[in-house]
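Structure assessment
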Amino acid sequence: MPDSVFAGLALLDTAVLAVNREGAILHANPAAENLLALGSRELVRHTLSSLFVNAQPLMRGLATAVDNDVSFTEHDLTLDTTNQLHLHLYCSLTPIDANGAAALLELRPIDQQIRIANEERLLIQQQANRELIRNLAHEIKNPLGGIRGAAQLLALELDDRPDLTEYLDVIRNEALRLQSLVDRLLAPNRRHVQDDVNIHEVLERVRSLLLAEYPDGLHVLRDYDISLPMLTADKEQLIQIVLNIVKNAAQAMAGHGTIRLKTRIARQVTLARRRYALALELQIIDDGPGIPPDLRDHVFYPLVTGRAEGTGLGLTLAQTFVHQHQGTIEFESRPGRTCFTVLLPFLEKSA
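These figures come from a predicted structure and were not determined experimentally.

Describing the side chain of T341
Summarising the element assignment, T341 is placed in strand β12 (residues 337–345). Here Q283 takes part through its side chain, which lies 3.2 Å from a polar atom of the side chain of T341. The residues touching T341, leaving out its near neighbours within four places in the chain, are E281, L282, Q283, T328, I329 and E330.

Encoded structure:
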């Protein structure tokens, strides 16, 4: 079949396949070759069913478009190709009648749009969480001061009642624990101080703290790119970000397993709708049991934890600190491998 009829498709950025009624591919433009990682000569040997593992939605859409002479659109379709590609796509089928072709199939990846939408949703969620936490902390802080003051006055009256001082110690210790919790809740609202920071110094500090707490059975491996430039950031907050993540991993593994700290450079990344030439990619990878499926959508929410003794603030604070540095934090988890990825842009030092 001469390709001159479809020559104009070569000018499009959108991947387009011309197919017949049975789904045989008759033409593929260069954008389709790039998207599907196959040359046009190879693609025209395929049908939709032989190219895509799960082509049934496409074949049903093709039949609907051709039989009814109407366009058919799928806004969110996941397809796997026989050459091991996993694609998240917007698909549109438009009926035509040209040189044996019955329809044009347009394929547009939507991973970027989904990632941006998720990023904006997380930012809105994080702002709401921060406001909730601040209000909650202030509500706790006021009566807590009264409880501590009353406990101190009561202690003066109970010098001759050792049988009651035990109960008083419980009140004072629990009040101190609540005060510590309130301080942690309010910590993200404190001004952070930016300076030039070597991320590997931060990781070495965290590694030392972790190995001191879990000296037996825990291995912390280094996988550093030592060519990374200095990062303009709040060093104490960076330590807290990494420490909160690795401590969660160590606790999930009961102190027995392997954690890998990996640094790389990321180029031309978009964070919070802003483009950066360079960014730090920090990955914290463990071989633990993984995050339970029922918690995966909520791990960054405040007071959500999978441990009875946990406060559920570690990852919330880590996310808050990352966002204060204009970065992002994401994770992937399955049994045997959990990977938290933190992206932080290399910024000019703030005034």
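Some thoughts on the packing of helix α7 (residues 199–213) against helix α8 (residues 235–252)
The contact between α7 and α8 brings their axes to 9 Å, and the two run at 40°. Comparing their axes, α8 and α7 come out oblique. Classified by chirality, the crossing of α8 by α7 is right-handed. Here I199, E201, V202, L203, R205, V206, L209, L210 and E213 of α7 lie close against α8, whose contacting residues are K235, E236, L238, I239, V242, L243, V246, K247 and A250.

Some thoughts on the nonpolar core
With 41 residues, the main nonpolar core has L238, V246 and I259 as its most contacted residues. Elements represented by at least two residues in this core include exactly α7, β7 (218–223), β8 (231–233), α8, β9 (257–271), β10 (274–286), α9 (314–324) and β12. A per-element tally of this core places α8 first, with nine residues. Counting residues in hydrophobic clusters, the runner-up holds 29 residues, among them V19, A31, A32 and F52.

Focus: the environment of T165
Along the chain, T165 falls in helix α6 (residues 162–186). Owing to a relative accessible area of 29%, T165 belongs among the partly exposed residues under this scheme. Along the chain, T165 and L154 lie eleven residues apart, while their C-alpha atoms are 9.5 Å from each other.

What to know about the pattern of salt bridges
Summed over the entire model, instances satisfying the criterion amount to eight salt bridges. With its nearest N and O atoms 3.1 Å apart, the salt bridge here joins D67 to R21. With D67 in helix α4 (residues 56–68) and R21 in the loop between β1 (15–19) and β2 (25–28), the pair connects residues that are 46 residues apart, well separated along the chain. The class of D67 is exposed, set by a relative accessible area of 53%. Between R108 and E106 there is a salt bridge, with the nearest N and O atoms lying 3.2 Å from each other. A single network of salt bridges, built from pairs that share partners, joins D223, R260 and R264.

What about the sheet that holds strand β3 (residues 72–80)?
Taken together, the five strands give an open sheet; going across it, the order is β2-β1-β5-β4-β3, and neighbouring strands pair in antiparallel fashion. At either margin of the open sheet sits one strand with a lone partner, and together these are β2 and β3. With direction set aside, neighbouring strand axes in the sheet form an average angle of 30°. With five bridges joining them, β1 and strand β5 (residues 101–109) adopt antiparallel strand pairing. Bridge pairing links L17 to L105 in β5.

Quick word on the sheet that holds β10
Reading across the sheet, the five strands line up as β7-β9-β10-β12-β11 and stay open at both edges, with mixed pairing between neighbours. At either margin of the open sheet sits one strand with a lone partner, and together these are β7 and β11 (328–334). Strand-to-strand twist across the sheet, computed as the mean angle between neighbouring axes with direction ignored, equals 20°. Where β11 lies against β12, seven bridges are found, and the strand directions are antiparallel. Directly across from R334, in β12, lies its bridge partner R337.

What about the packing of α8 against α9?
When two helices pack together, their arrangement is given by the angle between the helix axes and the distance between those axes. Relative orientation of the contacting elements α8 and α9 amounts to 145°, with a least axis distance of 9 Å. As α8 runs across α9, the sense of the crossing is left-handed. Two secondary-structure elements touch here, α8 through Q237, Q240, I241, N244, I245 and N248 and α9 through G314, L315, L317, A318, F321, V322 and Q324.

Some words on α4
Its 13 residues place the ends of α4 18 Å apart at the C-alpha level, agreeing with the 18 Å of an ideal helix rising 1.5 Å per residue. For α4, every residue scored as buried is listed here: L58, G61, L62, A65 and V66. Buried positions in α4, seen along its axis, are confined to an arc of 120° and lie on one side of it. Exposed side of α4, more than 90 degrees from the buried face: R60 and D67 are the residues found there.

Topic: the environment of D111
Secondary-structure assignment places D111 in helix α5 (residues 111–157). By relative accessible area, which is 43% here, D111 ends up partly exposed. As a C-alpha pair, D111 and L87 span 24 residues in sequence and 8.3 Å in three-dimensional space.

Observations regarding the pairing of β3
The side chains of a regular strand alternate between the sheet's two faces. Where β3 lies against strand β4 (residues 86–98), seven bridges are found, and the strand directions are antiparallel. Residue pairing in the sheet places L79 in a bridge with L87 of β4. If you look at the hairpin formed by β3 and β4, you'll find five residues sitting between the two strands, and Q84 has a positive phi there, around 70°.

Conventions adopted
Residues numbered from 1 in each chain as written. Predicted model: local features only at pLDDT ≥ 70, side-chain atom pairs only at ≥ 80, totals over all residues. Heavy atoms only, no water. Helix = DSSP H or I, 4+ residues; strand = E, 2+ residues; numbered from the N terminus. Polar contact = N/O pair within 3.5 Å; in protein donor to acceptor, adjacent residues only side chain to side chain. Contact = heavy atoms within 4.5 Å. Axes fitted to C-alpha atoms, helices over the stretch in contact; angles between N-to-C directions. Parallel < 35°, antiparallel > 145°, perpendicular 65-115°, else oblique. Left-handed = near helix turned anticlockwise from the far one by under 90°. Core = buried A, V, L, I, M, F, W, Y, C linked by side-chain atoms within 4.5 Å. Buried < 20%, exposed > 50% of the residue type's maximum accessible area, 1.4 Å probe, protein only. Salt bridge = Lys/Arg side-chain N within 4 Å of Asp/Glu carboxyl O. Pairing = 2+ DSSP bridges. Expected span 1.5 Å × (residues − 1). Arc of directions from axis to C-beta.

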